[in-house]
Amino acid sequence: MVAMTETTGSFSLPRGRSFSVHDLEALPDDGNRYELIDGMLLVSPAPGFRHQKIAMRLAFRLDAACPTDMDVLVAPFAVQPSETTELQPDVLVARTEDFTAKNLPVAPLLAVEVLSPSSVVTDLNNKKSVYQRMGVPSYWVVDPLDLVLTVFELDRNGFQYERIAEVKGDKPYEATQPFPVRIVLTELLSPPID
């Protein structure tokens, strides 16, 4: 069986089959974020200033508390558990030994998504479901406009996310997973960003 492709600009889109991580390599470097969930292509526009500022400052805060056997990275960096799934969390934490030079082929210890207007449904539903299925122990969602951090952790059986915290504004979140760290959203925006 031959897979058909459709040429768009200088790259080809597969027709009659699911996308694979190999197809992502042919997509243009045009500022969009390209991800896959079970062979379905997700395209997100480049995030805005407030989104990026929160993601970077959160990554710096996590990195400052991170144990030496773990690393903190920001997007774009591929979490690629299969040939048909590749996600790029805004911030991730994983064991150093689990990284390859190109990607993270196993579940991170923490995945963080900062919401954008175009990503709310995907981040709160599709990505959450994939992270849960992969066995990501902690999943954080940050709403940069309302300054809300929602924290999900796998239940005792390791199969289902439970919302364990929702903190707003200047209320601190004292994380224990994947390591102890104190997060205050308003501190990530000091001085304030309009």
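Structure first, text after, so check above.
Notes on the structure in this doc start here.

Conventions and cut-offs
- Numbers given for residues are sequential positions, taken from 1 along each chain in its written order.
- For a predicted model such as this one, the threshold for reporting local features is a pLDDT of at least 70, and the threshold for listing and counting side-chain atom pairs is 80 or more; totals across whole chains, interfaces and linings nevertheless cover every residue.
- Excluded from the side-chain calculation are hydrogens and water; included are all heavy atoms of the structure.
- Pairing between two strands requires that DSSP report at least two bridges joining them.
- Secondary structure is summarised from DSSP: a helix means a run of H or I of at least four residues, a strand means a run of E of at least two, and numbering begins at the N terminus for each.
- Here the axes come from fitting lines to C-alpha atoms, over the contacting stretch only for helices, and the angles between their N-to-C directions go from 0 to 180 degrees.
- A helix is expected to reach a length of 1.5 Å times the quantity of its residues less one.
- Two axes are fitted around each residue, one to the seven residues ending there and one to the seven starting there, and the angle between them is reported as the bend at that residue.
- When accessible area is computed with a 1.4 Å probe and restricted to protein chains, residues below 20% of their type maximum are described as buried, those above 50% as exposed, and intermediate ones as partly exposed.

## Some thoughts on the sheet that holds strand 9 (residues 110-114)
1) Next: Within the open sheet, the 6 strands sit side by side as 5-8-9-10-11-12. Their pairing is mixed. Strand pairing shows two members of the sheet lacking a second neighbour, strand 5 (70-74) and strand 12 (161-168), which therefore form its edges. When the angles between neighbouring strand axes are averaged without regard to direction, this sheet yields 15°.
2) Next: Bridge analysis of strand 8 (residues 91-95) against strand 9 gives 3 bridges, and the strand direction is antiparallel. Looking across to strand 9, one finds that Leu92 is bridged to Ala111.

## Here we look at helix 3 (residues 120-134)
1) Next: The terminal C-alpha atoms of helix 3 lie 20 Å apart, and with 15 residues this matches the ideal 21 Å at 1.5 Å per residue to within 8%.
2) Next: The largest bend along helix 3 reaches roughly 35° and is located at Lys127.
3) Next: Those residues of helix 3 lying buried are Asp123, Lys127, Val130, Tyr131, Gln132 and Met134.
4) Next: The first or second residue beyond helix 3 is Gly135, which carries a positive phi of 90°.

The quantities given are spatial measurements derived from coordinates; they are silent on function.
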